[in-house]
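Listed below, chain by chain, are the residues.
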Amino acid sequence: MDLENNTMEAIEKIGNTPDKLIEVLIQCQSLNQQNYITEEQLNLISKGLNIPLSKAYGVASFYSMLSTSKKGKYVIQVCNSGPCYVNNSKTIAKAFQDALGISLGEVTADGLFSLEYTSCFGGCQIAPAVKINDMVYGNLTEEKVWQLVDSLRKEAV
Amino acid sequence: MKSFVSKLCGKIMPLSLKEYREHGGFLGLEKALFYMSPQEVIDEIKESRLRGRGGASFPTGVKWQLVAAEGDEEKYVVCNADEGEPGTFKDKALLEGCPFQVIEGLMISAYAVGAYKGYIYIRGEYPNSIDLFKKAINILKKEGYLGENILGQNFSFDIEVRSGAGAYVCGEETALIESIEGNSGSSRFKPPYPPNCGLWGKPTLVNNVETLANIPLIISQGAEEFLKLGTKGSKGTKLISVSGNVVNKGVFEVEFGISLREIIYDICGGLEGNKKLKFIQVGGSSGACLPELLLDLELDFDEFKKHNIGIGSGAILVVDDSCCILDFMRVTTEFFKHESCGKCTTCREGNRHIIKAIDRMIYGSGTERDMQIIKDIATIMRDSSLCGLGQAAPIPVLSLLKHFKDEFQEHINGYCSTGVCNFKGEGKSHG
Ligand SMILES: Cc1cc2nc3c(=O)[nH]c(=O)nc-3n(C[C@H](O)[C@H](O)[C@H](O)COP(=O)(O)O)c2cc1C
Ligand code: SF4
Ligand code: FES
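Basis of the calculations
- Residues numbered from 1 in each chain as written.
- Chains lettered and ligands numbered in written order.
- Predicted model: local features only at pLDDT ≥ 70, side-chain atom pairs only at ≥ 80, totals over all residues.
- Heavy atoms only, no water.
- Contact = heavy atoms within 4.5 Å.
- Buried area = accessible area lost by both parts, 1.4 Å probe.
- Salt bridge = Lys/Arg side-chain N within 4 Å of Asp/Glu carboxyl O.
- Polar contact = N/O pair within 3.5 Å; in protein donor to acceptor, adjacent residues only side chain to side chain.
- Axes fitted to C-alpha atoms, helices over the stretch in contact; angles between N-to-C directions.
- Helix = DSSP H or I, 4+ residues; strand = E, 2+ residues; numbered from the N terminus.
- Parallel < 35°, antiparallel > 145°, perpendicular 65-115°, else oblique.
- Nonpolar A, V, L, I, M, F, W, Y, C, P; charged D, E, K, R; others polar.
- Patch = residues over 30% accessible without salt bridge, like charges linked within 9 Å, V, L, I, M, F, W, Y side chains within 5 Å.
- Areas by Shrake-Rupley, 256 points an atom, 1.4 Å probe, with all protein chains shown as cover.
- Lys, Arg positive; Asp, Glu negative; His and termini not counted.
- Charge placed at Lys NZ, Arg CZ, Asp CG, Glu CD.
- Domains from an automatic or database assignment.
- UniProt positions renumbered as here; feature names shortened; annotations may be inferred.
- Buried < 20%, exposed > 50% of the residue type's maximum accessible area, 1.4 Å probe, protein only.

A. The interface of chain B and chain A, seen in detail. Taken residue by residue, the interface counts 48 residues in chain B and 32 residues in chain A. Carbon and sulfur atoms supply 55% of the area buried between chain B and chain A, which totals about 3000 Å² over both sides. Contact with chain A buries area across many residues of chain B, yet Ala165, Lys249 and Val331 of chain B alone supply 18% of it, more than any other trio. Across the chain B-chain A interface, the total number found is 2 salt bridges. With a closest N to O distance of 2.5 Å, Arg162 of chain B and Asp19 of chain A form a salt bridge. The interface formed by chain B and chain A includes 17 residue pairs in polar contact (both at pLDDT 80 or more).

B. Molecular detail of the packing of helix H5 (residues 90-97) of chain B against helix H9 (residues 209-221) of chain B. Residue and element names in this part refer to chain B. Relative to each other, H5 and H9 sit at 50°, their axes nearing to 9 Å. Here H5 lies oblique to H9, going by the angle between them. From H5, Lys90, Asp91, Leu94 and Leu95 reach across to H9, where they touch Val209, Glu210 and Ala213. For the contact of H5 with H9, a count of residues per class yields 4 nonpolar, no polar and 3 charged.

C. The arrangement of a negative patch on the surface in detail. Residues and elements named next belong to chain B. Taken together, Glu40, Asp43, Glu47 and Glu224 make up a surface patch of like negative charges. With 3 residues, helix H3 (residues 38-48) is the largest single contributor of residues to the negative patch. In this fold, Glu40 is placed in helix H3.

D. Structural detail: the domain arrangement of chain A. Domain annotation of chain A identifies domain 1 (2-62) and domain 2 (74-156). A C-alpha centroid distance of 28 Å is found between domain 1 of chain A and domain 2 of chain A.

E. Geometry of the UniProt feature "binding site: [2Fe-2S] cluster" (unreviewed entry) in chain A. Those places that UniProt annotates as "binding site: [2Fe-2S] cluster" (unreviewed entry) correspond, in this numbering, to Cys79, Cys84, Cys120 and Cys124 of chain A. Taking the farthest pair of C-alpha atoms as the criterion, the annotated set spanning 46 residues converges on one region, since that pair is 9.1 Å apart. Checked against the element boundaries, Cys79 of chain A lands in strand E1 (residues 74-79). The buried category is assigned to Cys79 of chain A, whose relative accessible area is 2%. Residues contacting Cys79 of chain A, with those up to four places away along its chain left out, are Cys84, Ser89, Thr118, Ser119, Cys120, Phe121 and Ala129 of chain A. Residue position: Cys124 of chain A is located in the loop between strand E2 (113-118) and strand E3 (130-132). Those residues within four positions of Cys124 of chain A in sequence are excluded, and the remaining contacts are Pro83 of chain A together with Gly87, Thr88, Phe89, Ser243 and Lys249 of chain B.

Below you can see the structure in the form of structure tokens.
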């Protein structure tokens, strides 16, 4: 029920014209602990903006910052573009998999973390870099990865 | 190093209008509104010979003229702050260092071409920039710099901030326009070009952040001052962002004419751990990879053109000799495969098939034919893709094939001298 009200509120605040679709989707995704846009939300958005559901879904699935499937509370995105690769991003990706016990594209059983690759987000100066929700962490080493996961686990409880 | 377009970054509080004004802020806009006709503004920009800093290096004044020449009542100006090219983070320095300067540039462009509405499209990965711009715009509205009859003149203008949502292709101007309209970011067929038919079918001017940040300075100081900077064919300065295996990574402002060697060894302190340079990639992932041999090349549009390469966004990736050329090529092509919007076949399928051929080589079953396949697909993509993404994806591929042919041959023979590919010494037995 809450999600419904909050979604309607978001549409009202941002505007209900079709050109606001992406802004609305970004906002709606953030309303959800699991960082994704639910089918229910997509239905509400489609009605609210007066666009076909297929359009809302199409746009939500096109952009890589938007998701229509459940993610973790912390979405860990490891950059796999050239500059980070040159600074050993592959070892960092491996370290996250080991520290979390999941593969890329998966969510931990407790729903706390999801892990994925992402394209360059402008953190190349501190490569290898990862983005966790809105935060960027850089100059990572395997050791720092374990510490980071540890401190996020503690933050979550 | 030079301090021109970025001179206020880090020097003033980004959201202090008072400080911005004390450092010459809005003098350009005032001069334009009080003393210059729109055509005079365009002429000044033409005279400065400023060229776009977003990648395509198109003459800015000429583009403005195209939009101004359109008779429509309704026109738009757009600031392209999508900055998605891997290794590029120079626009962020301006966005977060001096938002008012970028906005002032956008306002002057609107006055020049006759637009009443502007959009700033900022990539979703830059939440701080988005927040700053929303605040900056509110401040300017309160102070009478945005809205009706700005500074008491017959010029009304409003700006909206739009967020990207993670799509590299949305930096391409027609895909960006689609995205502002609320659609998936697929590039449009061109022509018509945005200056004739852009946002909601109306004449639209799209300019890069750095291009726009140069505008207030050119107008307030005059084109003549600007012409003093740079080389014969490339005027002004360029923001470059250096990344990779280099001691000092970061954003630096340099004057055109500086050599790549000076940038890497003098400004950036050379390679980390004094390793040997293997190649540099100029212009982000869609740029050419150049061997040590070409390091004395000067940063200059015409010099680069002689070698058939572009300066692009100004990103420079420095790579040392521990890197395997094939593995690197796989990483860049994987990027384009992921970011392809899928509208045209050559780009959608081409990247996938290049990766397949690279994989055969990396896993030890590659043959001469795979090299030829990569070359053929890359050439077809370059020549027939619909937008700049598919046209540029083959650039690194073809340049690596050209400059590092031996390393491909080595892999065909079942050997990877950097030790990255783990079939070392096992010949083709994996095939
Ligand atoms: C795939 C692709 C991505 C692009 N990304 C950007 C970008 O992030 N920022 C940008 O300013 N221009 C980008 N461009 C170039 C724009 O299409 C356009 O040429 C530019 O914004 C024009 O501004 P300028 O004339 O001031 O350079 C991109 C082009 C392509 C083909
Ligand atoms: S070249 Fe690639 S990104 Fe551009 S329109 Fe074609 S498929 Fe889309
Ligand atoms: S390449 Fe990883 S953040 Fe830019």
